Amino acid sequence: MCGIVGYIGSQGAYDILIQGLKRLEYRGYDSAGVALVDTDGCLNVHKAHGKVANLESVAAMGNTNGTIGISHTRWATHGEPTDTNAHPHVSQTGEIALVHNGTIENYAVLKKALTDHGYTFRSETDTEVLVQLIQYIKDTTKCSLFEAVREALLQVEGAYAIAVIEKGDPDTLIAARKASPLVIGVGENETFIASDATPIIGYTDRVIYLKDNEIAVIKRGEPLSIMSLDSNEPSKIDIQKLKLSLAQLEKGGYDTFMLKEIFEQPATLRDCLRGRITDDGARVVLSGVELNKDKFLECERITLVACGTSWHAALIGKRLIQDFCRVPVEVEYASEFRYGNPVLGPKDVVISISQSGETADTLAAIQIAKEKGAFVYGVCNVVGASIPRNTDAGTYIHVGPEIGVASTKAFTGQVTVLTLLALALGQLRGVIDAEKVREVATALKAIPATIEETLKCDAEVQTLSRIFTYAHNFLYLGRGYNYPTALEGALKLKEISYIHAEGYPAAEMKHGPIALIDHEMPSVIIAPSDSLYDKIISNVQQVKSRGGAVVAIVSKGNTAMNDIADYCIEIPSVPECLTPLVASIPLQLLAYYIAVNKGKDVDQPRNLAKSVTVE
Ligand code: F6R
């Protein structure tokens, strides 16, 4: 949520900042801004509502010189997405500029105090309060910018990643974080800061992940200094090597990142599975499980916590772990779990699932689980993000950067890792027989090829999408393993085409939602040939007899549905527990093409952001 980029070095900062913001636009794109200090010490600020491209047009008319600068792309939390509310915010005297990702919870109290001291505010944001507070401290105590930032942050409650520069000082950039991510890129005579590593790639592969409550002072020509905000003690500087490449951040010939990410699932799942199943398919090896065997052997209950698409993956994970490991499993929305006073203890394992590894509610849920003594395991995509750094152990899904805001390859990566985890735990606890492990693990190893095969439905789904482009509502129905697939299919459609869609367990439909069905309400029914196939056939009949159009996702060669459903999309046959991985592919494509037909911006749908770092 919101993206920050900062630069100090020998190159022109503006182009680096703009290019960096474009890579971070997935985090928010309702307004953007940049502040630079030129060699004469002048502070120049340019801001615009809308996307970074708008900012470029505005900035082109002004001074963009300077080798130091900060910039921001916003996802509004306090105040509408206007030019005035866009970051950077500048203090009343025009001396200090600041960009911020997060929320200042006590901003109202601070604002009142500053107003009493004669400060006036231009914007409706919480961020402006922070920059004014820094100015106030600096003016009243005559301290340095660093001291003023540090003192101000000690008075602030909430979450922040910030970057600050000052008029008259083209040599100092200050950055700090608490509960919002910030990465420092260490180049040759140049330093970058950013909300994630993507703006830094191509300049340097040496990065430092700033920790909570740390403040960095980056001075031209001097060694980087990082301190703890609380103690003012120097922190150990831990430089890590980035493994991302520029090619992973580009569209690779596709029209959109989302389409690229849908089509790269065979490759990403190969990466996700690499080295995790023995060659003979007889064993699953996850180091996070191997190194913590006692925790998984002792545990009496597993709770999965996540948000959004990751929560849908968690629902599938519940079925997998229950089936293969026979341990009681619960699934919770992280946002509910954190305020639900959960009953947890040392015999609990909490598994957090998150693509970004930065989701505020999931991070808070982890914190609570740890405080209550549970063992916390993370399933995450972004290497080095806050969630993997705050869990006791975990498994990365390794599907590469997901840039389209609607999650696709991360979902299939999460389900794949949860399948591996369920098998590994079943083996460890001795509740799954070797034959079953071999059957599922062998089919899972083949899943990249199976998905390649599934993607051949692309043209058919595109044609089908035209029939439904102007529907106002959709129902997605599934049972068992595919009830979560139905939820995920509905979420994809809502997010990018803005069509209302509901996912429902197919058999529950008759307890209420069936009242909605008429000829204007199409249903997408996930009906592979599994143990519930006969049951779902009668659910399809119930929809058809009320005049609703039915699109059925069926297993290849099963023609029985042809006479009942209006349209059938065939998917390859796989073991029942793997059907969500395959069935989700046509659902991703259907949502994608409907949104494209409607002319929507699929990579950056309205009101959304990729990484939800606020409550
Ligand atoms: C949907 C989507 C969101 C995320 C949710 C959790 O396409 O992307 O629903 O799944 O915001 O994000 P992570 O997985 O980063 O914790």
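Data block above holds the structure.
Now for a quick tour of the structure. Computed from a prediction, not measured in an experiment: that's the story for all the values here. (Residues numbered from 1 in each chain as written. Predicted model: local features only at pLDDT ≥ 70, side-chain atom pairs only at ≥ 80, totals over all residues. Heavy atoms only, no water.)

1. Topic: the sheet that holds strand 22 (residues 523–527)
Right, on to step 1. An order of 21-20-22-23-24 is seen for the five strands of this open sheet, with the pairing classed as parallel. Whereas interior strands pair on both sides, the edge strands pair on one side only; in this sheet they are strand 21 (500–505) and strand 24 (567–571). Each neighbouring strand pair of the sheet contributes to a mean axis angle of 20°, computed without reference to strand direction.
Right, on to step 2. Note: strand 22 against strand 23 (residues 550–555), five bridges, orientation parallel. Following the sheet pairing, Ile 526 is matched in strand 23 by Ile 553.
Right, on to step 3. Across the sheet, helix 19 (residues 533–544) touches strand 20 (473–478), strand 22 and strand 23, and the angle it forms with strand 22 is around 165°. (Pairing = 2+ DSSP bridges. Helix = DSSP H or I, 4+ residues; strand = E, 2+ residues; numbered from the N terminus. Axes fitted to C-alpha atoms, helices over the stretch in contact; angles between N-to-C directions. Contact = heavy atoms within 4.5 Å.)

2. As for the side chain of Glu 495
Right, on to step 1. Looking at where Glu 495 falls in the secondary structure, it is placed in helix 18 (residues 483–497).
Right, on to step 2. Setting aside anything within four residues of it in sequence, one finds Glu 495 in contact with Ala 406, Pro 605 and Leu 608.

3. A closer look at the pairing of strand 23
Right, on to step 1. For strand 23, a buried count of six out of six residues is recorded, marking the element as mostly surrounded by other parts of the structure.
Right, on to step 2. Of the two faces of strand 23, both are covered, the one formed by Val 550, Ala 552 and Val 554 as well as the one formed by Val 551, Ile 553 and Ser 555.
Right, on to step 3. In the classification by handedness, the crossover that spans strand 22, the intervening helix 19 and the parallel strand 23 is right-handed.
Right, on to step 4. Sheet topology places strand 23 next to strand 24; five bridges connect them, and they run parallel. Bridged to Ile 553 within strand 24 is Ile 569. (Buried < 20%, exposed > 50% of the residue type's maximum accessible area, 1.4 Å probe, protein only. Right-handed = clockwise from strand over helix to strand, strands pointing away.)

4. Some details on the packing of aromatic side chains
Right, on to step 1. By the definition in use, this model includes 11 aromatic pairs.
Right, on to step 2. Through pairs of rings, three or more aromatic residues link up here, namely Phe 468, Phe 474, Tyr 476 and Tyr 567.
Right, on to step 3. Across the ring face of Tyr 29, the terminal group of Lys 51 is positioned such that the distance to the ring centre comes to 5.3 Å. (Phe/Tyr/Trp six-rings, centres within 6.5 Å; stacked < 30°, edge-to-face > 60°. Lys NZ or Arg CZ within 6 Å of the ring centre and 35° of its normal.)

5. Regarding the environment of Tyr 481
Right, on to step 1. The topology assignment puts Tyr 481 in the loop between strand 20 and helix 18.
Right, on to step 2. In this structure Tyr 481 comes out as buried when scored by relative accessible area, which is 3%.
Right, on to step 3. For the pair Tyr 481 and Asn 292, spaced 189 residues apart in sequence, the C-alpha separation works out to 28 Å.
Right, on to step 4. In contact with Tyr 481, other than residues within four places in its own chain, are Ile 316, Arg 319, Leu 320, Asp 323, Glu 576, Cys 577, Thr 579 and Pro 580.
Right, on to step 5. At a separation of 2.8 Å, a polar atom in the side chain of Tyr 481 contacts the side chain of Asp 323. (Polar contact = N/O pair within 3.5 Å; in protein donor to acceptor, adjacent residues only side chain to side chain.)

6. Side note on helix 2 (residues 52–59)
Right, on to step 1. Taken residue by residue, helix 2 has Val 52, Leu 55 and Ala 59 as its buried positions. Relative to the axis of helix 2, the buried residues are bounded by an arc of 50° and lie together on one face.
Right, on to step 2. Elements in contact with the buried residues of helix 2: helix 1 (13–24), strand 2 (31–37), strand 3 (43–49) and strand 4 (68–74). (Arc of directions from axis to C-beta.)

7. Overview of helix 16 (residues 447–454)
Think of an α-helix as 3.6 residues a turn; residues three or four steps apart then line up on the same face.
Right, on to step 1. Listed in full, the buried residues belonging to helix 16 are Ile 447, Pro 448, Thr 450, Ile 451 and Thr 454. Summarising the axial view, the buried residues of helix 16 lie within an arc of 160°, below the 170-degree limit, and thus occupy one face.
Right, on to step 2. Where helix 16 is buried, its residues contact helix 7 (265–273), helix 15 (434–445), strand 24 and helix 20 (579–597).

8. Here's the deal with the environment of Lys 236
Right, on to step 1. Mapped onto the elements, Lys 236 comes out in the loop between strand 13 (225–228) and strand 14 (240–241).
Right, on to step 2. Along the sequence, Lys 236 and Ile 226 sit 10 residues apart, while their C-alpha atoms lie 7.7 Å from each other.

9. Digging into the site of the ligand
Right, on to step 1. Near the ligand there are 15 residues, and of these Ser 310, Ser 354, Gln 355, Ser 356 and Thr 359 occur at the shortest range.
Right, on to step 2. In this structure, Ser 356 approaches the ligand through a side-chain N or O atom, which is 2.6 Å from an oxygen atom.
Right, on to step 3. Contact between the ligand and Val 405: an oxygen atom at 3.4 Å from a main-chain N or O atom of the residue.
Right, on to step 4. Starting from 410 Å² of accessible surface for the ligand in isolation, the protein chains cover 90%.
Right, on to step 5. Elements that contribute at least two residues to the shell around the ligand include exactly helix 10 (308–325) and helix 18.
Right, on to step 6. The residue inventory of the shell around the ligand, partitioned by class, reads five nonpolar, eight polar and two charged. (Near = heavy atom within 4 Å. Areas by Shrake-Rupley, 256 points an atom, 1.4 Å probe, with all protein chains shown as cover. Nonpolar A, V, L, I, M, F, W, Y, C, P; charged D, E, K, R; others polar.)

10. Concerning the packing of helix 4 (residues 127–141) against helix 5 (residues 145–155)
Right, on to step 1. Contact pair helix 4 / helix 5: the axes reach a minimum separation of 8 Å and the direction vectors enclose 125°. Here helix 4 is positioned oblique relative to helix 5, judged by the angle of their axes. Helix 4 and helix 5 meet at a crossing whose hand is right-handed. Taken together, the residues of helix 5 that come into contact with helix 4 (itself represented by Leu 130, Leu 133, Ile 134, Ile 137 and Lys 138) are Leu 145, Ala 148, Val 149, Glu 151, Ala 152, Leu 153 and Gln 155. (Parallel < 35°, antiparallel > 145°, perpendicular 65-115°, else oblique. Left-handed = near helix turned anticlockwise from the far one by under 90°.)

11. Describing the pattern of salt bridges
Right, on to step 1. Summed over the entire model, instances satisfying the criterion amount to 24 salt bridges.
Right, on to step 2. Note that Arg 177 is salt-bridged to Asp 212, the shortest N-O span being 2.7 Å. On the criterion of sequence distance, the pair formed by Arg 177 in strand 8 (residues 169–178) and Asp 212 in the loop between strand 11 (206–209) and strand 12 (214–219) is long-range, its members being 35 residues apart.
Right, on to step 3. Arg 177 sits in the buried class, given a relative accessible area of 4%.
Right, on to step 4. Given the relative accessible area of 39%, Asp 212 is considered partly exposed.
Right, on to step 5. Notably, a salt bridge pairs Arg 283 with Glu 290, separated by 3.8 Å at the nearest N-O pair.
Right, on to step 6. On the basis of relative accessible area, Glu 290 is assigned to the partly exposed category, the value being 31%.
Right, on to step 7. Through salt bridges with shared partners, one network takes in Lys 260, Glu 264 and Lys 409. (Salt bridge = Lys/Arg side-chain N within 4 Å of Asp/Glu carboxyl O.)

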